[in-house]
Amino acid sequence: MKNMKIGIPTMSLGRPGLHSLDDKLHQAAQYGFEGIELFMDDLDHLANTQFHGSSQQAAQHISHVCTSLNLTVICIQPFGFYEGLLDRTQTAHLLTHKLPRWFELARILNTDLIQIPANFLPADPATGAPRTSADFDLIVADLAAIADLGAAQAPPFRFVYEALCWSSHIDTWEAAWRVVRAVDRDNFGLCLDTFNLAGRVYADPAAASGETPNAAAELDASLARLRHAAASGDLDRTKIFYIQLVDGERLAAPLDDKHPFYVAGQPARMNWSRNARLFPCEEDRGGYLPVLKVAREFFDLGFEGWVSLELFSRTCADPDPITPALHAQRGMESWRKVVQALELDVEVPTPLAGERTMQLPVDTDGAVVHHRL
């Protein structure tokens, strides 16, 4: 049986401020999740509302809750808008002020992993001037510097780097792996994500079809490069620190300036991601990315470790108290379908018995009746 464990980000269970972090953790555990990616927005909200602004006290509380629920904090994230900044004083500030705080909180939370999304800082709103550099050497130097700071801690910290399909310069798995390979530190690795891979080469939410002009061919080519890199030894499997599985919703209309998801100054793929991700195997909700095809390639690499279901969606903003339970239930059912479809030798966790477990209504032929948030 493969050594894979299933996790979910706290943001994927409900928006901070609408749904309590404690409840989200309880629902994750109730439905069988073994770990969580902790979003700093969740921790900061908890600190500001219950611990007089003390992030340390909030982290201690969450650490106790996770221990009681047998939940692992996979990582804290996102340590964003970092590498390649043109304003080097901001780079220094992040390393000397923000990073030590994250190290302290990570220690309290018993995790050694910090996630860094590839930079997508927009241009200066006043001047339109870019605020990030495409200089590969600068990007690598910044990430090597943060990796070295993490390695010097006792105990040391790891960093996981992820290309987002709307990142300014590093927006494909190939580009992210090139960065990780160049950083060349044992504690600096890669996150592979089905949404961000397929969302870049296969999907285009600004197109009427929802797809790039050569979607299938471009996806096949990207996956072929992944297979070749692994087979040739160019891609070090041990540098894949974890993977994320998630789908996206095919929109009824192109995501242009008339679309309700449109936000001026933000890439269409970012607006799509923030509003319309889905768990894998939710085609009935509009999922259309070839998630299973991409996921199969990830698992065929020989990956073992944490699998996380990183969903962002407008459904997370529904204030109904049932939202965290619904998302946890949807997520675990999604993982069950992935395991079955790909015939993975993995035991799917069983939701805990008890009154907190939500029983979704079914219709007369036994099919689940979905809540439409």
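Residues numbered from 1 in each chain as written. Predicted model: local features only at pLDDT ≥ 70, side-chain atom pairs only at ≥ 80, totals over all residues. Heavy atoms only, no water.

Where an unreviewed UniProt entry is consulted, the protein appears under the name Xylose isomerase-like TIM barrel domain-containing protein, with the organism given as Aspergillus rambellii.

> Outline the overall build of the protein, listing residues and values.
If you tally the helices and strands in the protein, you get eleven helices and ten strands. A compact globule built from 373 residues should have a C-alpha radius of gyration of about 21 Å, and the protein, at 20 Å, falls within 12% of that. Expressed as a percentage of its 373 residues, the buried residues of the protein come to 54%. The contacts of the protein with a sequence gap of at least 6 include a subset with a gap of at least 24, amounting to 78%. Looking at the protein as shown, the accessible area adds up to about 15,600 Å², and 51% of this sits on carbon and sulfur atoms. In the protein, 32 side chains carry a positive charge and 48 a negative one; their mean positions are 2 Å apart. (Helix = DSSP H or I, 4+ residues; strand = E, 2+ residues; numbered from the N terminus. Rg over C-alpha atoms; globule rule 2.2 N^0.38 Å. Buried < 20%, exposed > 50% of the residue type's maximum accessible area, 1.4 Å probe, protein only. Contact = heavy atoms within 4.5 Å. Areas by Shrake-Rupley, 256 points an atom, 1.4 Å probe, with all protein chains shown as cover. Lys, Arg positive; Asp, Glu negative; His and termini not counted. Charge placed at Lys NZ, Arg CZ, Asp CG, Glu CD.)

> Run through the state of the cysteines, naming residues and quoting values.
Per the stated rule, a full pass over the model turns up zero disulfides. Here Cys 66 stays unpaired: no disulfide links it, and the sulfur of Cys 75, its closest cysteine neighbor, is 12 Å away. Cys 191 provides the cysteine sulfur closest to Cys 75, a residue in no disulfide bond, and the two sulfurs are 8.3 Å apart. Overall, the relative accessible area of 0% leaves Cys 75 in the buried class. (Disulfide = S-S within 2.5 Å.)

> Account for helix H5 (residues 136-151), with residues named and values stated.
Between its terminal C-alpha atoms H5 stretches 22 Å, which fits the 22 Å expected from 16 residues at 1.5 Å a residue. Among the residues of H5, Phe 136, Ile 139, Val 140, Asp 142, Leu 143, Ala 144, Ile 146, Ala 147 and Gly 150 are the ones counted as buried. Looking at the buried positions of H5, the neighbouring elements they touch are helix H4 (88-108), strand S4 (113-117), strand S5 (158-162), helix H6 (173-183) and strand S6 (188-193). Two or three places before Asp 137, at the start of H5, stands the capping residue Asp 135, its side-chain oxygen 2.9 Å from that residue's backbone nitrogen. (Expected span 1.5 Å × (residues − 1). Polar contact = N/O pair within 3.5 Å; in protein donor to acceptor, adjacent residues only side chain to side chain.)

> I'd like a description of the UniProt feature "domain: Xylose isomerase-like TIM barrel" (unreviewed entry) in the protein, backed by residues and values.
Per the UniProt annotation, the sites labelled "domain: Xylose isomerase-like TIM barrel" (unreviewed entry) are residues 26-336. The annotated region residues 26-336 carries 44% helix and 13% strand content, and the separation between its end C-alpha atoms amounts to 20 Å. (UniProt positions renumbered as here; feature names shortened; annotations may be inferred.)

> An account of the packing of helix H2 (residues 40-50) against H4 is needed here, citing residue identities and associated values.
At a minimum axis distance of 13 Å, the contact between H2 and H4 shows a crossing angle of 85 degrees. As far as their axial angle goes, H4 and H2 are roughly perpendicular. Side by side, H2 and H4 meet where Met 40, Leu 43 and Asp 44 of the first sit next to Arg 101, Trp 102 and Leu 105 of the second. Its residues assigned to classes, the contact of H2 with H4 shows four nonpolar, no polar and two charged. (Axes fitted to C-alpha atoms, helices over the stretch in contact; angles between N-to-C directions. Parallel < 35°, antiparallel > 145°, perpendicular 65-115°, else oblique. Nonpolar A, V, L, I, M, F, W, Y, C, P; charged D, E, K, R; others polar.)

> Break down the side chain of Ser 12 for me, with residues and values.
By the secondary structure assignment, Ser 12 is in the loop between strand S1 (4-9) and helix H1 (21-30). When near neighbours in sequence (up to four residues on either side) are disregarded, Ser 12 contacts Leu 309, Glu 310, Leu 311, Cys 316 and His 327.

> Can you break down unusual backbone geometry residue by residue, with the values?
Pro 78 follows Gln 77 through a cis peptide bond whose omega is -5 degrees. As for its position among the elements, Pro 78 is in the loop between strand S3 (72-77) and H4. Here Ala 154 and Pro 155 are connected by a cis peptide whose omega angle stands at 0 degrees. Along the chain, Pro 155 turns up in the loop between H5 and S5. The phi dihedral of Cys 281 is positive, around 65 degrees, even though this residue is not glycine. Note on placement: Cys 281 falls in the loop between strand S9 (277-278) and helix H10 (291-300).

> Please provide a residue-by-residue account of the nonpolar core, values included.
Core analysis: the biggest nonpolar cluster contains 114 residues, and Tyr 161, Leu 245, Phe 299 and Trp 335 have the highest contact counts within it. The contact partners of Leu 245, leaving out residues within four places of it in the chain, are Thr 194, Pro 280, Ala 295, Phe 298, Phe 299, Val 307, Ser 308, Leu 309, Glu 310, Trp 335 and Val 338. Counting eight residues, the second largest nonpolar core, distinct from the first, contains Cys 75, Phe 241, Tyr 242 and Trp 306. (Core = buried A, V, L, I, M, F, W, Y, C linked by side-chain atoms within 4.5 Å.)

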